[in-house]
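Listed below, chain by chain, are the residues.
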Amino acid sequence: MADKLIIFDTTLRDGEQSPGASMTKEEKLRIARQLERMKVDVIEAGFAASSNGDFGAIQAIASQVKDSVICSLARANDKDIARAAEALKPAERFRVHTFIATSALHMEKKLRMTPEQVYEQARLAVRFARQFTDDIEFSPEDGSRSDMDFLCRVLEAVIAEGATTINIPDTVGYAVPDGYAALIRQIRERVPNSDKAVFSVHCHNDLGMAVANSLAAVKLGGARQIECTVNGLGERAGNTSLEEVVMAVKTRRDYFGLEVGIDTTQIVPASKLVSQTTGFVVQPNKAVVGANAFAHASGIHQDGVLKARDTYEIMRAEDVGWSANKIVLGKLSGRNAFKQRLQELGVALDSEAELNAAFARFKELADRKAEIFDEDILSIVSQEASAAHDHETYRFVSLSQHSETGERPHAKVVFTVDGSETTGQAHGNGPVDATLHAIESRVNSGAELILYSVNAITAGTQAQGEVTVRLAKAGRIVNGVGTDLDIVAASAKAYIAALNKLDPSAEKLNPQRS
Ligand code: KIV
Ligand code: ZN
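All of these numbers come straight from a predicted model, not from anything done at the bench.

So, how was this worked out
Residues numbered from 1 in each chain as written. Chains lettered and ligands numbered in written order. Predicted model: local features only at pLDDT ≥ 70, side-chain atom pairs only at ≥ 80, totals over all residues. Heavy atoms only, no water. Donors = N, O, S within 2.8 Å, 3.2 Å for Na, K, Ca; no water. Helix = DSSP H or I, 4+ residues; strand = E, 2+ residues; numbered from the N terminus. Buried < 20%, exposed > 50% of the residue type's maximum accessible area, 1.4 Å probe, protein only. UniProt positions renumbered as here; feature names shortened; annotations may be inferred. Contact = heavy atoms within 4.5 Å. Polar contact = N/O pair within 3.5 Å; in protein donor to acceptor, adjacent residues only side chain to side chain. Phe/Tyr/Trp six-rings, centres within 6.5 Å; stacked < 30°, edge-to-face > 60°. Pairing = 2+ DSSP bridges. Core = buried A, V, L, I, M, F, W, Y, C linked by side-chain atoms within 4.5 Å. Domains from an automatic or database assignment. Disulfide = S-S within 2.5 Å. Patch = residues over 30% accessible without salt bridge, like charges linked within 9 Å, V, L, I, M, F, W, Y side chains within 5 Å. Areas by Shrake-Rupley, 256 points an atom, 1.4 Å probe, with all protein chains shown as cover. Salt bridge = Lys/Arg side-chain N within 4 Å of Asp/Glu carboxyl O. Buried area = accessible area lost by both parts, 1.4 Å probe.

Asks: Please clarify how the coordination of the zinc ion (ligand 2) should be interpreted in this entry.
Replies: For a metal bound by four donors in tetrahedral geometry, the ideal donor-metal-donor angle is 109.5 degrees, whereas six donors in octahedral geometry ideally sit at 90 or 180 degrees. The protein atoms that coordinate the zinc ion (ligand 2) are D14 (OD), H202 (NE2) and H204 (NE2), at distances spanning 2.0 to 2.1 Å. Donor residues for the zinc ion (ligand 2), ordered by position in the chain, follow D-x187-H-x1-H. Here H204 lies in the loop between β8 (198-203) and α8 (210-219) and D14 lies in the loop between β2 (6-9) and α1 (25-37), a separation of 190 residues in the sequence. Each of the two residues, D14 as well as H204, counts as buried.

Below you can see the structure in the form of structure tokens.
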């Protein structure tokens, strides 16, 4: 039987470290459920010591997600590790992932510790973690730029203390495929007890080589776990993309000879959920999950695909979860049809009340739009689930807006502030500008708008627009997403969603900066 390649998803931890990608507990839970449905082996649910919010999210995921191992990151100190273990307690199977930097640069400049102190702290951290679980992962941060002799000494010590997974991060995305693969192979050859641990890779994409580095380390270095994120989400240029490594190993089984347990039909739903939740839009030409990944524009290709699919297609769109943009429901569809379609899409709402509210939103949309696609349904559900769980200071009510050639546009936005209705009015350079100023005329947030983008959820002029707004204030960056048939209303909703996330009490530690 072929070896198994373990898929370790860190969308909810390393992915969330991406500025603006922070998620609420409910959003994380929804993504964790989707990762479980996709049969991810290990879900890194967060960094428990970073904030009460992260602790709560890990605890909720540990209580409700049973088919995947649930993991929390922890710096190599007793306090972080105890906090991680506490959050993970309700899980059926859990892992503590502890780390400390081992490169000369990080030890001297960031940690201000000597190599001996780091060696000792790593060893003691793993020893401490052993009292909570047998499933311990250790990462030497900036491993790919660490001194080989020192790295091997540390790894031998932590394995002797009980670490069962050794993860070698390319923290700054500096590695190249053959060098990184050789590093993993040499570590495995030189560390005397390396056979007692599974070797894992964790690559960042600063030079666009995260997937290549991870796959090289698997094929040539003997790594058997890849750490990755949905859509490659992550700080700077992101992490290794889950969909790309999974489909590479599945499609080229002849080359890799490895088993992956992932249900690939859940990949596109996961991609859409993560993108809608975080506001990080997927580029159209992104492998596997981009809107154009299976589109054949040229006549020659179309002809080839129609005659024999494998002339130009190495994967089948339906195998990764693309459904042909089906018109699934319409104005006359009832609650049962809506519920059934949700089940077919693998969407579980938490309560009847949420289902009723989502159905009401669906009816509202169906009154304005003749054809409702799966994408519309997913967006409705996503918005409903957020509205049902997240604390919202501001809530959109209605918008009226006037623009005419030669005149300065004017907008009037009605919204609630802690339940009380208020109205903002303003002129602006365009309808969107006027709308955002109208909101600000009542809120005075002092936030800076650093990104505004619009996407169509489906094809055609009847499509709903999905707007992402990114705001920055006092060093914090947040994203808000809003959808509506009217893109100006979608903009107002997105802006309000971002304002709701600016709450300073949501502040949390970055594990690698502190
Ligand atoms: O990139 C990195 O080094 C990390 C570690 C904390 C595993 O994310
Ligand atoms: Zn990382």
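Asks: How do you make sense of the UniProt feature "binding site: Mn(2+)" (unreviewed entry) in the chain when you look at a structure like this?
Replies: Cross-referencing UniProt, the feature "binding site: Mn(2+)" (unreviewed entry) maps to D14, H202, H204 and N239 in the present numbering. On the basis of their most widely separated C-alpha atoms, the annotated residues across 226 residues gather in one place, lying no more than 10.2 Å apart. On the basis of relative accessibility, which here comes to 3%, the residue H204 falls in the buried class. If we ignore the near neighbours within four places in the chain, the residues touching H204 are D14, D170, T171, G173, A210, R236, G238 and N239. In terms of polar contacts, H204 uses its side chain to reach the side chain of D14, at 3.2 Å. Note on placement: N239 falls in the loop between β9 (225-228) and α9 (242-251). On the basis of relative accessibility, which here comes to 3%, the residue N239 falls in the buried class. Other than its neighbours up to four places away in sequence, N239 contacts T10, D14, H202, C203, H204, N205, A210, T229, G232, L233 and G234.

Asks: Which parts of the structure should I look at to understand the environment of K219?
Replies: Within the secondary structure, K219 sits in helix α8. Between the alpha carbons of K219 and G257 there is a distance of 9.0 Å; along the sequence they are 38 residues apart. From its side chain, K219 meets the backbone oxygen of Y255 in a polar contact 2.7 Å long.

Asks: Would you mind showing me how to read the packing of aromatic side chains here?
Replies: Any pair of aromatic rings gets described here by the distance separating the centres and the angle formed by the planes. All chains considered together, the criterion is met by six aromatic pairs. Ring centres of Y255 and F256 lie 4.9 Å apart, and the angle between their planes is 85°; this geometry places the pair in the edge-to-face category. Given the relative accessible area of 14%, F256 is considered buried. Between the aromatic rings of F338 and F359, the centroid separation amounts to 5.6 Å while the plane-to-plane angle is 50°, which identifies the pairing as tilted. Of the two residues, F338 sits in helix α13 (residues 335-344) while F359 sits in helix α14 (residues 352-368), which places them 21 residues apart along the sequence.

Asks: Help me understand the pairing of strand β18 (residues 476-484), please; the structure alone is not making it clear to me.
Replies: Residues in a regular strand project their side chains so that they alternate between the two faces of the sheet. The buried fraction of β18 is high, at eight of nine residues. Inspection of the sheet shows strand β17 (residues 465-473) paired to β18 by nine bridges, in the antiparallel sense. Each bridged residue has a counterpart across the sheet, and for G465 the counterpart in β18 is D484. The loop that links β17 with its antiparallel partner β18 comprises two residues; one of these, A474, has a positive phi angle of about 45°.

Asks: Explain the nonpolar core to me, please; I cannot follow it from the model alone.
Replies: Side chains that are nonpolar tend, in soluble globular proteins, to be buried together. The biggest cluster of nonpolar side chains holds 95 residues, and the ones touching the most others in it are F138 and I166. Here the element with the most residues in this core is helix α6 (residues 148-161); it accounts for nine residues. Each of domain 1 (3-278) and domain 2 (299-381) contributes no fewer than three residues to this core. Leave out the neighbours within four places in its chain, and I166 touches F138, L155, V158, I159, A197, V198, F199 and S200. Counting residues in hydrophobic clusters, the runner-up holds 24 residues, among them A426, V443, V469 and A498.

Asks: Could you clarify how one ought to interpret the state of the cysteines in this entry?
Replies: In protein chemistry, a disulfide is the covalent bond that joins the sulfur atoms of two cysteines. Here the structure, examined in full by the defined rule, presents zero disulfides. Lacking any disulfide linkage, C71 is separated from the closest cysteine sulfur, that of C228, by 13 Å. Accessibility expressed as a relative area gives 0% for C71, which makes it buried. Free cysteine C152: the closest other cysteine sulfur is in C203, separated by 18 Å.

Asks: In this structure, what is going on with a nonpolar patch on the surface? I would like to understand it.
Replies: Judged by side-chain polarity, L449, Y452, V454 and I487 come together as a nonpolar surface patch covering roughly 300 Å² of accessible area. Looking at the nonpolar patch element by element, the count peaks at three residues for strand β16 (residues 448-456). One can find I487 in helix α17 (residues 487-501). Using a relative accessible area of 37% as the deciding quantity, one classes I487 as partly exposed.

Asks: Mind showing me how you'd approach the side chain of S379 here?
Replies: As for its placement among the helices and strands, S379 is situated in helix α15 (residues 374-389). If near-sequence neighbours (up to four positions away) are discounted, S379 is found in contact with Q276, I457, Q464 and T483.

Asks: What is the right way to look at unusual backbone geometry in this model?
Replies: For D142, which is not glycine, the phi torsion reads 60° and is therefore positive. Relative to the helices and strands, D142 resides in the loop between β6 (136-141) and α6. Since its relative accessible area comes to 0%, D142 is described here as buried.

Asks: Is there a simple way to think about α9 in this case?
Replies: Looking only at α9, the buried set comprises L242, E243, V245, V246, M247 and V249. Residues of α9 that are buried in the fold lie against β2, α8, β9, α10 (253-256), β10 (258-259) and α11 (267-278).

Asks: Would you explain the domain arrangement of the chain in this entry?
Replies: In many analyses, interface size is given as the accessible surface area lost on bringing the parts together. In terms of domains, the chain is made up of domain 1 (3-278), domain 2 (299-381) and domain 3 (394-502). One C-alpha centre belongs to domain 2, the other to domain 3, and the line joining them spans 27 Å. Taken together, the contacts link nine residues of domain 2 with nine residues of domain 3. The contact between domain 2 and domain 3 buries some 790 Å² in all, and 51% of this surface belongs to carbon and sulfur atoms. Together, R368, K369 and S379 form the three largest contributors to the area buried by domain 2 at its contact with domain 3, with a combined 50%. Seen at the junction of domain 2 and domain 3, the total is one salt bridge. A salt bridge links D484 to R368, with the shortest nitrogen-to-oxygen separation between them at 3.0 Å. For the pair domain 2 and domain 3, the number of links is three residue pairs in polar contact (both at pLDDT 80 or more). Broken down by secondary-structure element, the contributors of at least two residues to the side of domain 2 that touches domain 3 are α14 and α15. With three residues, α15 is the largest single contributor of residues to the side of domain 2 that touches domain 3.

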